[in-house]
Amino acid sequence: MVAQTRAGGQPSPQKLKFHEKLLGRTTTSTDVLLKKLKALHTELAELEQDRLDKHALDGVRQELIHQSILLHKDKGVKAYAACCIADTLRLTAPRAPYTQNELTDIFHFFLRQLVQNLKSSDTPYYNQYFLLLECLSAVKSTVLICDLPKSDELIEQFFKDCFKIVRYDLSKKIELFMVDILNAIIDESHTIPSVVVTTLLAQFMDKNLGMDQPAFRLATQVCNGSSTKLQRYVCQYFTDIILQHSDEEEFEEIQKAHDLVKRLNRFCPSLLHNVVPQLEEELRVDEVSIRIMATQALGEMFADSGGTDFMRKYPSTWNLWLTRRNDKAAAVRLAFVEACKGLVIAPGDTREAIEDALSAKLLDPDEKVRAAVCRLYSQLEYEVALHHVSESQWRAIAERGLDKKVTVRTEALNCIGKAYSLAYPELEVNDPAAVQQFSWIPGTILSKTPPEVRLIAEQVLADYIFPLQLSGSKTTDVNEVGWTERLLHTMKFLDEKATQHLINLSGLKTARPGPYEAFLDACKANNGGVIDSNEEEIVKKLDFSIKILAAQLPDSQKAAEDLAAFAKLNEGRLYSLFKTCTDVQTDLKTLVKSTAEFTRRVEQASSTISSTMTVLMRRASLRLINQSSVPTLIKHVRNGDFGEQSQSQSSTDMSAKNASIILTCISKYCPAMFRSHVPELVKSVADEKHNQLAEVSLHALSALLQWDPSLTPTDKRFVDRIRRFCLGSDRKRTKYSARLLCYMKDKEDLREEVVEAISDDLSDVDSEKLLAHVTALVEFSRRAPDCFEQYSDTVIAFLVKHVLLVSTVEDQDEMDVDGDWKEDSRISDTLRTKILSLKLCRHRCIAQAKSENPMEIASPVFKMLTTLLQHDGLLSDKITTSPSERSRLRLQAAVSMTYLSAIDTYAQVTTPHFVLLALTIQDTCFHVRSRFLTKIIQLLHTRVLPFRFNIIHFLTVFDPDEEIKNIASAYIMATLQRLGPRLRLQQFEMAFPRLLHLLAHHPDFAVTHESAVEMSKYIKFYITTVAAADNISLIFHLAEKVKTVRDAESDQYSEHVYALSDLSQRMIQSYAKSRSWTLTNIPTGKTKLPSDVFHPLPDAATANKILRTRYLPEETYQWLEEQGKVTKPEPKEKAEGRNPRKRKAKTEANGTTK
């Protein structure tokens, strides 16, 4: 066996081959020195620490740190020397062959070379500096500085210089070398100098810096790499700032510290292990500003990408933070809400906790907090709004649309409006999730009808639900079809009530010319105040028109000032634009362009009036439904299926139905809109495949010709078709064809021919065609009375004998289902014919009111109507009909008598029956009461009815359905607000004696204590609604004065009137006293009571006796005295239920009369 040598078993120690002296006794040239250093560096770089002879470097190590080298003027010498020294430290680690002072000089030398020379990759000797950093990073020889004297200064310098170097945006490897070097220093340091902490944290102060910045990346990596060591120093840094500035209330500095914590949490969350408990404690401190900052900071930290882990790591902090929603300071609660935005998209339980908290804050006592919740949700993107917010939360926000504070109302309605706008593209394609989450929003906004909310709702509808310009469209390229399609699609989500609100909002029902045109004309006549003649009259007209328009706005005083300022501008271009925008014939493109110019010019002329004029323009113009809508609406009606109405109608059919509703409304309220569409309507009438389209078109043409007969189509085929429709059996076609024929120019002979044909055919047709014939006759009796009158005797005789006096037998099961009302769609042809027969009699009476013997025609009709009202809808006890039919006939009788009451010729005839008519408002059937109330409000609003009908509203006080009283009360309040003092006096204040007269004749009234208490509710309703400080004396005077007259009918009713006078006087006195109002005397001769219901007393003795007599039971006077003692101002009370009389409204088993 061959013996193994020692050399073969273990490598021999490496020795340095470089034996030259770097420095000679004489000066060595730079080139020679540089050559030697290069050779030395090459050899040192190849040596390995484990194999190196421990004495191998003795010859060069001291020469390398000689001052003549460290301070040499040549950069190359210093660069190579630095590399050689670094290799020396590498090869001798962990024991450096230098003294502490020498090491201090060495590391200062390293830093100088790096700071001064490492600026870019093009720097001379860049590779040597790169190798220097790589060596320091790999061997971590920089940790030696931790044991040197004044190590803190050197460590601080290392950190400062590294952050200087890294800003030059060098290679990523150099950044990594520095990270390793600085992490090593931190990890080996006994303590970390504050300057180091400050240097690191300073990189996070600037919010604009991010991971794209080298210094920021370096700080982030160093902090994450040494987080365990740095935690307590970061906490101390944060604590020092709080303690230093809290006493001096320098909250700006404290806020910066909290901003720093938020940045650290985003990039270096592990640094904050000791800071988070401190933030938690801040949530409990007394100083509100500190709690606000802590709440904001933690909220953002929980919302960061790692928020879920953060909550799990600090559960007590999370739970305590959630309690800040109930902080005693509103500012803290507000900060909590604002900090929740990022948490809305949090997963699972966290999102539920946040939604519950925000839901509670929607009811916060402070309006700013409530508004902030709404504003938070308005800032969400669509996907978040759809998937991360519950429908119930959106509905809760919508409820804030009725908040008592305007800022909350505005934020809430804007919030849900924006949500709908974002969702509309998905709603348009019927996405089920979007429909479920957002489709209810337009209907909810439309339901916000109180005056103080209406203005905001209108603005939201204009901005988000029905914007004039669709997304992406331009003023010069308005998408008229898409605009109308959006309206129809949105209407699919509306119920009947919301649809009516939309129609009301559209401006279709506004009279044209109306208040807006009157205002414009008054402005022109006023001429900016420069008036040549009739100055007083012109100024008076302007003031009146301003008052009318201003009364419609919440701040009527400012509105009046703004409108007056607009008139004073007297700018012709504004007048022209205003007229264009309010013109029915203006198309959508012109409207958009003119509205934009009008708004811009008003803003330039006077910015203070801009808001008022914008609202005025929005209400005056047809911006929801425009003449540009008509072709698209007709197209939708043509495409729809109007057969059996199933519960699951297709989208197309629903749009067609809504288009039909709109076209019908245009026909009723704004037919001039059809002027440019006559050819298309005529074509649609001929389309007999689409019955609904033909009906709608006939209605439109008939309304248009009523507005302007000169537009009558002359096509013979069209005229023949109208004649055929008039004689046909389709009720609706017959109705509108007959109406159209009445207004067609030069068609008198054709009208007479049709009426004659129908009257001759009445007895020979079935019930369906009879209904159609009577429908046509109603139109002729109303719109062509001279033509109808020739055949009226024959027609009336037939209708009375063969229609009205005929019993109707219905299936008992069906009667049980229907009760006292049957929906319109289920009414039989026979009942429709009876109702139309009553209408025909009414129209004939109205048409013949100015004839020679009107009462000869009207007397039988009045007798018939009063019989129906007196006998529960029956004309004879020999007739048998269902309860639902009797309700319909009572309603029609009441409506017909109401219309006849508006005719001067019949005023004296209807007066004795006014009490009977008024009691229809207390009918046993809800629908009779509701429809009768709606009708008298409509006729009063258009000033068709005598003002005495206003008192009927006060009979609703006992209605078992709150809806009816609310409607009546709303009408009274709105009318009082709208009317001037003179009209209020005429329509309401002077009507008080009529109310007492009506109550005196009420079937429920008796001179008993119980009855007096009951009657006091009616009187209280009147007083609390109408009475004010400036009219209470007059009302009291009128209550006194009814004891100076007698009832026109009988002495019994006179005593009733006197009892009610005593009752109302004492109630008025108590009410005035409770409000500290003074009752003053009114001269007797200043007021007169209505002579149709009151007559003068025979003599003064009788009058004195009546005035001295107490007509109420003594128990009632005592009750009134007790009531007067406890009377205090209180909100209007709700209607109280009671046992109804025979015809009084009664509540069904389910608690409603509907």
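Per an unreviewed UniProt entry, the protein chain goes by the name ARM repeat-containing protein and belongs to Thelephora ganbajun.

## Focus: the overall build of the protein chain
Of the regular secondary structure elements, the protein chain holds 59 helices and two strands. A compact globule built from 1154 residues would reach a C-alpha radius of gyration of about 32 Å, whereas the protein chain, at 46 Å, exceeds it by more than 25%. Here the protein chain holds 1154 residues, and the buried ones make up 53% of them. Relative to all contacts within the protein chain whose residues are 6 or more apart in sequence, the contacts with residues 24 or more apart total 74%. As displayed, the protein chain has an accessible area near 53,600 Å², and 49% of this comes from carbon and sulfur atoms. Once the 147 positive and 152 negative side-chain charges of the protein chain are each reduced to a mean point, those two points are 2 Å apart.

## Observations concerning a positive patch on the surface
A cluster of basic side chains, namely Lys540, Arg943, Arg978 and Arg982, defines a positive patch on the protein surface. Arginine 943 sits in the exposed class, given a relative accessible area of 55%.

## Some remarks on the packing of aromatic side chains
Enumeration according to the criterion identifies 30 aromatic pairs in this entry. With 6.3 Å between their ring centres and 65 degrees between their planes, phenylalanine 107 and phenylalanine 158 make a pair best called edge-to-face. With a gap of 51 residues between them, phenylalanine 107 in helix H6 (residues 100-117) and phenylalanine 158 in helix H8 (residues 151-166) connect regions that are remote in the sequence. The same class applies to phenylalanine 107 and to phenylalanine 158, which are both buried. Taking the centre distance of 5.9 Å and the plane angle of 70 degrees together, the rings of phenylalanine 566 and tyrosine 575 count as edge-to-face. Under the relative-accessibility criterion, tyrosine 575 is labelled buried at 5%. Grouped by ring-pair contacts, the aromatic residues Phe302, Phe310, Tyr314, Trp318, Trp321 and Phe336 constitute a single cluster. Between the NZ or CZ atom of arginine 486 and the centre of the ring of tyrosine 424, over which it lies, the distance is 4.2 Å.

## What about empty space enclosed by the protein?
One pass over the full model with this rule turns up eight cavities of 30 Å³ or more. As for the largest cavity, its lining consists of Thr911, Phe914, Val915, Arg948, Ile951, Arg994, His997, Leu998 and Val1093. Those elements giving two or more residues to the lining of the largest cavity turn out to be helix H50 (914-918) and helix H54 (992-1000). Here the element with the most residues in the lining of the largest cavity is H54; it accounts for three residues. Of the residues assigned to the lining of the largest cavity, the class counts are five nonpolar, two polar and two charged. By volume, the second largest cavity is sized at about 70 Å³. Taken together, Leu940, His941, Arg943, Phe947, Asn950, Tyr971, Thr975, Arg978, Leu979 and Gln987 make up the lining of the second largest cavity. Listing elements by their share of the lining of the second largest cavity, those giving two or more residues are helix H51 (926-941) and helix H52 (962-978). Among the elements that line the lining of the second largest cavity, the one with the most residues is H52, at three residues.

## Looking at the nonpolar core
Phe110, Trp321 and Trp394 are the most contacted members of the largest nonpolar core, which totals 332 residues. The element best represented in this core is helix H5 (residues 75-92), accounting for ten residues. In contact with tryptophan 321, not counting residues within four places along its chain, are Leu283, Thr295, Leu298, Gly299, Phe302, Phe336, Ala339, Cys340, Leu343 and Ile354. In terms of nonpolar packing, the next biggest core, distinct from the first, is built from 33 residues, Trp483, Ala559, Phe566 and Val615 among them.

## Describing the environment of alanine 522
In this fold, alanine 522 is placed in helix H29 (residues 515-526). Take alanine 522: its relative accessible area is 7%, and that puts it in the buried class. Distance in space between the C-alpha atoms of alanine 522 and alanine 902 is 31 Å, their sequence separation being 380 residues.

## A few points about the pattern of salt bridges
Overall, the coordinates contain 47 salt bridges when judged by the stated rule. The shortest N-O distance in the salt bridge between glutamate 597 and arginine 573 comes to 3.0 Å. Here glutamate 597 is found in helix H33 (residues 588-605), whereas its partner arginine 573 is found in helix H32 (residues 572-582), with 24 residues between them in sequence. Using a relative accessible area of 13% as the deciding quantity, one classes glutamate 597 as buried. Several salt bridges share partner residues, and in doing so they unite Lys207, Asp259, Lys262 and Glu300 into one network.

## Looking at the side chain of serine 759
Within the element layout of this structure, serine 759 appears in helix H41 (residues 748-761). Among the polar contacts listed, one links the side chain of serine 759 to the backbone oxygen of glutamate 756, at a separation of 2.9 Å. Beyond its immediate stretch of four places on either side in the chain, serine 759 contacts Tyr791 and Val795.

## A word on H33
With 18 residues, H33 ought to run about 26 Å at 1.5 Å a step, and its terminal C-alpha atoms sit 25 Å apart, in line with that. Inspection of H33 places Leu588, Leu591, Val592, Ser594, Thr595, Glu597, Phe598 and Val602 among the buried residues, and these make up the whole buried set. Each element contacted by the buried residues of H33 is listed here: helix H27 (480-491), helix H31 (556-569), H32 and helix H34 (610-620).

## Some thoughts on unusual backbone geometry
Peptide bonds are, in most cases, trans, and in most cases residues other than glycine have a negative phi. Residue proline 513 is bonded to the preceding arginine 512 through a cis peptide linkage, with omega at 0 degrees. Inspection of the secondary structure puts proline 513 in the loop between helix H28 (496-506) and H29. For serine 1076, which is not glycine, the phi dihedral falls at a positive 60 degrees. Take serine 1076: it is sitting in the loop between helix H57 (1051-1074) and strand S2 (1094-1096).

## What about the packing of helix H37 (residues 678-685) against helix H38 (residues 691-707)?
In contact at an axis separation of 8 Å, H37 and H38 are set at 140 degrees when each is read in the N-to-C sense. The pairing of H37 with H38 is recorded here as oblique in orientation. Along this stretch, H37 crosses H38, giving a crossing that reads as left-handed. Contacts between H37 and H38 involve Val678, Leu681, Val682, Ser684 and Val685 from the former and Leu693, Ala694, Ser697, Leu698, Ala700, Leu701 and Leu704 from the latter. In terms of residue class, the contact of H37 with H38 is built from ten nonpolar, two polar and no charged.

## Focus: the state of the cysteines
Applying the stated rule across the entire model yields zero disulfides. Of all cysteine sulfurs, the one in cysteine 223 lies closest to cysteine 235, which takes part in no disulfide; the gap is 15 Å. On the accessibility criterion, cysteine 235 (15% relative accessible area) is buried. Free of any disulfide, cysteine 340 has its nearest neighbouring cysteine sulfur in cysteine 374, separated by 14 Å.

## Some details on the side chain of serine 378
Following the sequence through the fold, serine 378 ends up in helix H20 (residues 367-378). On the basis of relative accessible area, serine 378 is assigned to the buried category, the value being 14%. Among all residues touching serine 378, those that are not within four sequence positions of it are Cys415 and Lys418.

## Points about a negative patch on the surface
On the surface, a cluster of negative charge is made up of Asp749, Glu752, Glu756 and Asp760. Among the structural elements, aspartate 760 can be located in helix H41. You can call aspartate 760 exposed: its relative accessible area is 54%.

Rules used in this analysis
Residues numbered from 1 in each chain as written. Predicted model: local features only at pLDDT ≥ 70, side-chain atom pairs only at ≥ 80, totals over all residues. Heavy atoms only, no water. Helix = DSSP H or I, 4+ residues; strand = E, 2+ residues; numbered from the N terminus. Rg over C-alpha atoms; globule rule 2.2 N^0.38 Å. Buried < 20%, exposed > 50% of the residue type's maximum accessible area, 1.4 Å probe, protein only. Contact = heavy atoms within 4.5 Å. Areas by Shrake-Rupley, 256 points an atom, 1.4 Å probe, with all protein chains shown as cover. Lys, Arg positive; Asp, Glu negative; His and termini not counted. Charge placed at Lys NZ, Arg CZ, Asp CG, Glu CD. Patch = residues over 30% accessible without salt bridge, like charges linked within 9 Å, V, L, I, M, F, W, Y side chains within 5 Å. Salt bridge = Lys/Arg side-chain N within 4 Å of Asp/Glu carboxyl O. Phe/Tyr/Trp six-rings, centres within 6.5 Å; stacked < 30°, edge-to-face > 60°. Lys NZ or Arg CZ within 6 Å of the ring centre and 35° of its normal. 1 Å grid on protein atoms, 1.4 Å probe; cavity = no way out; pocket = protein on both sides within 12 Å on 5 of 7 lines; lining within 4 Å. Points joined across faces, edges and corners; volume = space filled by probe spheres on them. Nonpolar A, V, L, I, M, F, W, Y, C, P; charged D, E, K, R; others polar. Core = buried A, V, L, I, M, F, W, Y, C linked by side-chain atoms within 4.5 Å. Polar contact = N/O pair within 3.5 Å; in protein donor to acceptor, adjacent residues only side chain to side chain. Expected span 1.5 Å × (residues − 1). Axes fitted to C-alpha atoms, helices over the stretch in contact; angles between N-to-C directions. Parallel < 35°, antiparallel > 145°, perpendicular 65-115°, else oblique. Left-handed = near helix turned anticlockwise from the far one by under 90°. Disulfide = S-S within 2.5 Å.

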